[in-house]
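Listed here are the chains, written in short residue letters.
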Amino acid sequence: MSSGVVLITGSGRRLGRRIALALAEEGFDIVVNYNQSEQAAKRTCSEIIGIGRQAVAIKADISVPAEVQELVQKTLHKFKRLDVLINNAGIYTRSLWNEINPSIWAETLDVNMTGTLLCTQAVAREMWKQGGGRIINIASIGGIQAWPRHIPYSVSKSGVIALTRCFARALAPRVMVNAVAPGTIILEGEENADIQHISVDRIPLGRYGVPSDITSVVLFLAQSAPYITGQIFAVDGGRSIDFLTS
């Protein structure tokens, strides 16, 4: 028997894909949202179907209100309900203070923060009608720490954290809203070789994270945790203990 229906934004590849597969393994049916990665999204759906769950890929730019509404309506047309929303889609930009321009700033906030807002609004309306649901935002420890080399990204993820807390208050008691804030997560087979990671010596647990470190927390929030809302789970090996250091 299905555990429910999950919509995951930006889930055709990278961490979103790993979350989708982990939830499918636990019995959820999955809506794989994508904007540009159509082939990757279709491959993810095929893998989910291979697991024995239902899956559909739906294109939508989450920064565009009309496309978000269509995404939700297509989800409901297919599955008749929506139990979990995971706001995963985001863009990671490197911008020093004197390199930020209006285009970089707007694009980063439009996707990371406004997209989270729009999807949460649209889905929350349906969850409220059906009597409940869960929303899980993928934030970042960049929203907890100050990252001077990634200012638009850090600001946008701070916004996601604030949205999490505000919506948790607004939607209680029917809808629970929490966030997961990953640290450095290594996606084997999907990493860009040009990415420079912080030294592992700066991580108290002495290693980088792996996808299962994130998916285990997402699964907990999607399946269990009936008395938790408005919380930010830093999954970073203790890195954010040093509050201000990027």
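Right, let's walk through the structure included here. For clarity, every value in this text was computed on a predicted model and none was experimentally measured.

**A look at the overall build of the protein chain**
Phase 1 of the analysis: Broken down by element type, the protein chain carries six helices and seven strands.
Phase 2 of the analysis: N-terminal to C-terminal, the α/β element order of the protein chain is β-α-β-α-β-α-β-α-β-α-β-α-β.
Phase 3 of the analysis: Taken over the C-alpha trace, the protein chain has a radius of gyration of 17 Å; the compact-globule value for 246 residues is 18 Å, and the two agree within 12%.
Phase 4 of the analysis: Expressed as lengths along the three principal axes of its C-alpha atoms, the size of the protein chain is roughly 45 × 35 × 35 Å.

**Some thoughts on the sheet that holds strand E6 (residues 175-182)**
Phase 1 of the analysis: In space, the seven strands of this open sheet follow the order E3-E2-E1-E4-E5-E6-E7, with parallel pairing throughout. In the strand order of this sheet, the two ends are held by strand E3 (55-59) and strand E7 (232-235), each with one partner. Between one strand and the next, the sheet's axes are offset by a mean angle of 20°, whatever the strand orientation.
Phase 2 of the analysis: Against the sheet, helix H3 (residues 65-79) touches strand E1 (4-8), strand E2 (28-34) and E3, its axis set at about 150° to E2.
Phase 3 of the analysis: Lying on the sheet, helix H6 (residues 211-223) is in contact with E2, strand E4 (84-87), strand E5 (133-138), E6 and E7; it crosses E5 at an angle near 155°.

**Focus on the packing of helix H4 (residues 102-130) against helix H5 (residues 151-171)**
Phase 1 of the analysis: Viewed as axis vectors pointing N to C, H4 and H5 meet at an angle of 15°, and their least axial separation amounts to 8 Å. Considering the angle they form, H4 stands roughly parallel to H5. Viewed along their axes, H4 and H5 form a crossing whose handedness is right-handed. Here Ile 104, Trp 105, Thr 108, Leu 109, Asn 112, Met 113, Thr 116, Leu 117, Thr 120, Gln 121, Ala 124 and Trp 128 of H4 come into contact with H5, specifically with Ile 151, Pro 152, Tyr 153, Val 155, Ser 156, Lys 157, Gly 159, Val 160, Leu 163, Phe 167 and Leu 171.
Phase 2 of the analysis: Of the residues belonging to the contact of H4 with H5, the class tally is 15 nonpolar, seven polar and one charged.

Parameters at a glance
- Residues numbered from 1 in each chain as written.
- Predicted model: local features only at pLDDT ≥ 70, side-chain atom pairs only at ≥ 80, totals over all residues.
- Heavy atoms only, no water.
- Helix = DSSP H or I, 4+ residues; strand = E, 2+ residues; numbered from the N terminus.
- Rg over C-alpha atoms; globule rule 2.2 N^0.38 Å.
- Pairing = 2+ DSSP bridges.
- Axes fitted to C-alpha atoms, helices over the stretch in contact; angles between N-to-C directions.
- Contact = heavy atoms within 4.5 Å.
- Parallel < 35°, antiparallel > 145°, perpendicular 65-115°, else oblique.
- Left-handed = near helix turned anticlockwise from the far one by under 90°.
- Nonpolar A, V, L, I, M, F, W, Y, C, P; charged D, E, K, R; others polar.

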